[in-house]
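Coordinate inspection notes
One-letter residues, chain by chain:
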Amino acid sequence: MMLRSTIVKMSLATVAVLSFGSTTLSADTLSDVQKNGFVKCGVDGGLPGFSEVGSDGVYKGIDVDLCRAVAAAVFGDAKKVKYVALNAKERLTALQSGEIDMLSRNTTWTFTRDASLGLNFAGVNYYDGQGFMVNKKLGVKSAKELDGASICLQTGTTTELNVADYFRSNKMKYKLVSYDTNDQVLKGYETGRCDVLTSDQSQLYGLRIKLAKPDESIVLPEVISKEPLGPVVRQGDDKWFDIVKWTLYGMLNAEEAGVTTANVDAMLKTDNPDIKRLLGVEGQLGEQLGLKKDFMVPVLKQVGNYGESFEATVGVGSPLKIARGYNALWNKGGIQYAPPFR
Amino acid sequence: MAVYSKVEQRRAPSNTKGILHWLRDNLFSTPLNVALTALGIAILFWVIPPFVKWAYTDANFAGSTREDCSGGGACWVFVRMKIDMFMYGFYPSAERWRINTVYGFFFIMMVLFKYLKSASLKILLAHVYFIVGYFLVSGGFFGLEHVPTDKWGGLMLTIVVAAVGIVAAFPLGVILALGRASHLPIIRSISVTYIEFIRGVPLITILFMSSIILPLFFPEGVTFDKLLRALIGIAMFEAAYIAENIRGGLQSIPKGQYEAADAIGLSYWQKMGLVILPQALKVAIPNLVGVSIALFQDTTLVMIIGLFDLLAMVRLSAADSYWLGYETEGYVFVTFIFWFFCYSMSNFSQKLEKRFNTNLR
């Protein structure tokens, strides 16, 4: 018997080592990625507009686009991504343990996560926040008019606390109708148990599609909490951190400069010095990151600039039809602002 | 002397056979039964017509876009468009014939089992099947493209997890059961501790352990295949339950069998392998199938560690922004698939019982 269990143990260990050889994690993520031939990117997979899977089994969404952009920046090929679908609990562990190279899974940038978990947030690719959805028939145009409303929400989340804070600071009364899951919340709203449904804005648009008559509901413009969502990398590898950060900034700068998938080839011949530096026609910016100097060209060709990615995945080009809102560029009324390529 | 004349054959009185009789005997025998029958019929009326209306009359079958789902009923177009994802997950579509081949081999093996008499030949065949199946699905040899396990998904992953879970857990379960029945104190206490520890923990905890806690113990950068981690966890879990079921079988074997085996000078392993286990396993079959069915359903738990089995694949597909709002259709489809598999297994076990029920009792 003892012999048997030893044999079992030994064979288990052998199987593990043989078939799934270990890779050691160095502090140089870029060369690991280059050696592997793909970027291991952690996504959600089940979040409409952010990371979802089409009928053909291909990942798409605004979070997925960032993975593709980083792959395009490193390899010149946006397809060289290995997606790892992660749930909210395991996402940070997966990054810490090196199972993924970057996490792009609508993760809120908070003090604790940034400071104490050995992680770094490389920018914000979507400014989210809690919002309200109401039936058009109510004739409400602003959240300030919601005094006395009954509100459906998912219990046990920060959503509840944000609502309490907002209504108290505006000296308004409200009645809570809480449910366990988002789908139940939606049913409650649809059957008229409440006047208002509250959740993160990005979720509200997805929930609205599920209504029998989506056009009869509107999402109010007010956002009552800050949920900056962005890509995350491991702390201690500044080079990789910079690559992810500047790929995102490159996409934002490209939108600001008007460089799109369609005109990127023509833009290579432009006289505008900002665009010349962005596309690597002038200067060696990409090489300072350890990439090719024209690393942004394949990003823009295969993924597009930030605006194109936004509109195609969550904006007007998608079923969600989320307005740009805070995610418009700083010069168009939003707060998306990227440092210059210089 | 009495004269007996032949009485013509008559039909049985109508109140002792036929549908009417059956109805009266089973459904309307007492006032309580009449009330219960009425209640049952009312519930059926309340549930079935709306379901048929939703699932068939008002449902949409044809088309390929969201716009084709106009009626108020089910949108089976969603299931039809996503069926490849449900069946194969992310497995590359050009390679899916490999999975179908493995399914095909399974039926060939079942047919061969009917005609093969030798048990050891059957066991050999089953081993060959598993090895061939693994290499065919995983690939990486003879010019077959290697398909890493993170691309496995859908029904195929459900079957892999259930099959490997049961097959790997079985030998371990037998050993644990024998260990628990052993007279050697160390072996017995190891077995008891293992079985009681595992049975005291929910499967979900073991899966969490394997997917979230375990990676933190490895040196940074060492990652193990997630599926392998889950499979080891599930096999360890199942082994404890199988062991208990087999122990039940072992205890039902009369002491005389052990003594008779000892008396003719069989060694421990001969005694167990030739005399005790064949009888004990026969007794344990119904419970073992029960465990297998439970495991097949438990496979859906792998969803929480980010493996996309059939149910997870449906959830994933329902989150496709183009197809938002059609979860119900997906879940009904999954219900049907699970019912089909579990019912087949339970049918199979009844056949096995009949076939093996040769001598006992």
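Next up on the list: the overall build of chain B. Summing up its helical and strand segments, chain B has 13 helices and 0 strands in all. Ordered by position in the sequence, the α and β elements of chain B form the string α-α-α-α-α-α-α-α-α-α-α-α-α. For chain B, the C-alpha radius of gyration of 27 Å lies well beyond 21 Å, the compact-globule estimate for 361 residues. Projected onto the principal axes, the alpha-carbon positions of chain B cover approximately 100 × 80 × 40 Å.

When helices and strands are counted, chain A shows 14 helices and 13 strands. Based on the C-alpha atoms only, the size of chain A along its principal axes is roughly 80 × 60 × 40 Å. Buried positions account for 46% of the 342 residues belonging to chain A. Partitioning the contacts of chain A with sequence separation of at least 6, the portion at a separation of at least 24 is 69%.

To continue, consider the confidence of the model for chain B. Per-residue pLDDT for chain B averages 87, and the proportion of residues at 70 or more is 97%. Confidence metrics for the complex model read pTM 0.80 and ipTM 0.74.

Once that is clear, we can look at the domain arrangement of chain B. Splitting chain B by domain gives domain 1 (18-58) and domain 2 (74-91 + 147-356). Domain 1 of chain B and domain 2 of chain B are separated by 37 Å when their C-alpha centres are compared.

All names here are of chain A. Counting buried positions over the 5 residues of strand β1 (residues 39-43) gives 5, a clear majority of the element. Side-chain alternation along β1 places Val39, Cys41 and Val43 on one buried face and Lys40 and Gly42 on a second face that is also buried. Summarising the sheet, β1 and strand β4 (residues 81-85) pair through 5 bridges and their orientation is parallel. The partner of Gly42 across the bridge, within β4, is Val84. As defined by bridge partners, β1 adjoins strand β5 (residues 102-108) across 2 bridges and the pair is classed as parallel. Following the sheet pairing, Cys41 is matched in β5 by Met102.

Residues and elements named next belong to chain B. Closest axis-to-axis distance for the helix α7 (residues 185-199)/helix α9 (residues 226-251) pair is 9 Å, and the angle between their directions is 115°. On the basis of the axis angle, α7 is roughly perpendicular to α9. Seen from above, α7 lies across α9 with left-handed handedness. Judged by residue contacts, Tyr194, Ile195, Ile198 and Arg199 of α7 engage Met236, Phe237, Ala240, Tyr241, Ala243 and Glu244 from α9. Of the residues contributing to the contact of α7 with α9, the split by class is 8 nonpolar, no polar and 2 charged.

Let's shift gears to the packing of helix α6 (residues 154-181) of chain B against α7 of chain B. Residue and element names in this part refer to chain B. Across the interface, α6 lies against α7 with an axial gap of 7 Å and an inter-helix angle of 125°. Between α6 and α7, the angle is such that the two are oblique. Relative to α7, α6 is oriented so that their crossing is left-handed. For the pair formed by α6 and α7, the contact residues are Leu176, Gly179 and Arg180 on the first element and Ile187, Arg188, Ile190, Ser191, Val192, Tyr194 and Ile195 on the second. Class assignment for the residues of the contact of α6 with α7 results in 6 nonpolar, 2 polar and 2 charged.

Our next topic: the environment of Glu160 of chain A. All names here are of chain A. Within the secondary structure layout, Glu160 lies in helix α6 (residues 158-169). The class for Glu160 is partly exposed, based on 16 C-beta atoms found within 10 Å. Linking Glu160 and Thr198, residues 38 residues apart in sequence, is a C-alpha distance of 9.0 Å.

For the rest of this paragraph, the subject is the environment of Phe338 of chain B. With respect to the element layout, Phe338 of chain B can be found in helix α13 (residues 327-356). On a C-alpha basis, the gap between Phe338 of chain B and Phe348 of chain B in space is 15 Å, while along the polypeptide they are 10 residues apart.

Contacts between the two partners involve 32 residues from chain B, matched on the other side by 34 residues from chain A. Mapped by element, the contributors of at least two residues to the side of chain B that touches chain A are α3 (76-88), α6, α8 (203-217) and α12 (310-318) of chain B.

All names here are of chain A. Turning to helix α7 (residues 182-190), its buried residues are Val185, Leu186 and Tyr189. Burial along α7 is one-sided: seen end-on, the buried residues are contained in an arc of 100°. Of the residues one or two after α7, Gly192 is the one with positive phi, at around 85°.

This next bit is on the sheet that holds strand β10 (residues 174-179) of chain A. Residue and element names in this part refer to chain A. Across the sheet, which stays open at both edges, the 5 strands sit in the order β10-β9-β11-β8-β12 with mixed pairing between neighbours. Unpaired on one side and paired on the other, β10 and β12 (217-219) mark the two borders of the sheet. Neighbouring strand axes in the sheet, compared pairwise and without regard to direction, differ in orientation by 30° on average. In the sheet, strand β8 (residues 130-135) pairs with β12 via 3 bridges, with the strands oriented antiparallel. Its bridge partner lying in β12, Met133 is registered against Val219. The strands touched by α6 within the sheet are β8, β9 (149-154), β10 and β11 (196-200), with β9 carrying the most contacts at an inclination of about 155°. Running at roughly 160° to β9, α7 makes contact with β9, β10 and β11 of the sheet.

Quick look at the domain arrangement of chain A now. Residue and element names in this part refer to chain A. Here the domain parsing of chain A yields domain 1 (29-127 + 227-332) and domain 2 (130-219). Computed from C-alpha coordinates alone, the two centres of domain 1 and domain 2 are separated by 31 Å. Counting residues at the interface gives 9 residues for domain 1 and 5 residues for domain 2.

Counting 166 residues, the largest nonpolar core has Cys67 and Val70 of chain A as the members making the most contacts within it. With near-sequence residues (within four places) excluded, Val70 of chain A lies in contact with Val39, Met102, Ile243, Val244 and Thr247 of chain A.

Residue and element names in this part refer to chain A. Looking at chain A as a whole, its pLDDT mean stands at 87, while 92% of the residues score no less than 70. The spread of mean pLDDT over the elements of chain A runs between helix α1 (residues 2-19), the lowest at 43, and helix α3 (residues 62-75), the highest at 96. Every residue in residues 1-24 scores below 50 in pLDDT, and together they form 12 contacts with partners more than four places removed in sequence or on other chains.

As a further point, take the pairing of β9 of chain A. All names here are of chain A. Buried residues dominate β9, accounting for 5 of its 6 residues. Of the strand pairs in this sheet, β9 and β10 are connected by 6 bridges, and their pairing is parallel. Bridge pairing in β10 links Ala149 to Tyr174. Relative to β11, β9 is paired through 2 bridges, and the arrangement is parallel. Counterpart to Ile151 in the pairing with β11 is Val196.

The rules behind each value
- Residues numbered from 1 in each chain as written.
- Chains lettered and ligands numbered in written order.
- Predicted model: local features only at pLDDT ≥ 70, side-chain atom pairs only at ≥ 80, totals over all residues.
- Helix = DSSP H or I, 4+ residues; strand = E, 2+ residues; numbered from the N terminus.
- Rg over C-alpha atoms; globule rule 2.2 N^0.38 Å.
- Buried ≥ 20, exposed ≤ 12 C-beta atoms within 10 Å, placed from the backbone.
- Contact = placed C-beta atoms within 7 Å.
- pLDDT = per-residue confidence, 0-100.
- Domains from an automatic or database assignment.
- Pairing = 2+ DSSP bridges.
- Axes fitted to C-alpha atoms, helices over the stretch in contact; angles between N-to-C directions.
- Parallel < 35°, antiparallel > 145°, perpendicular 65-115°, else oblique.
- Left-handed = near helix turned anticlockwise from the far one by under 90°.
- Nonpolar A, V, L, I, M, F, W, Y, C, P; charged D, E, K, R; others polar.
- Arc of directions from axis to C-beta.
- Core = buried A, V, L, I, M, F, W, Y, C linked by C-beta atoms within 7 Å.

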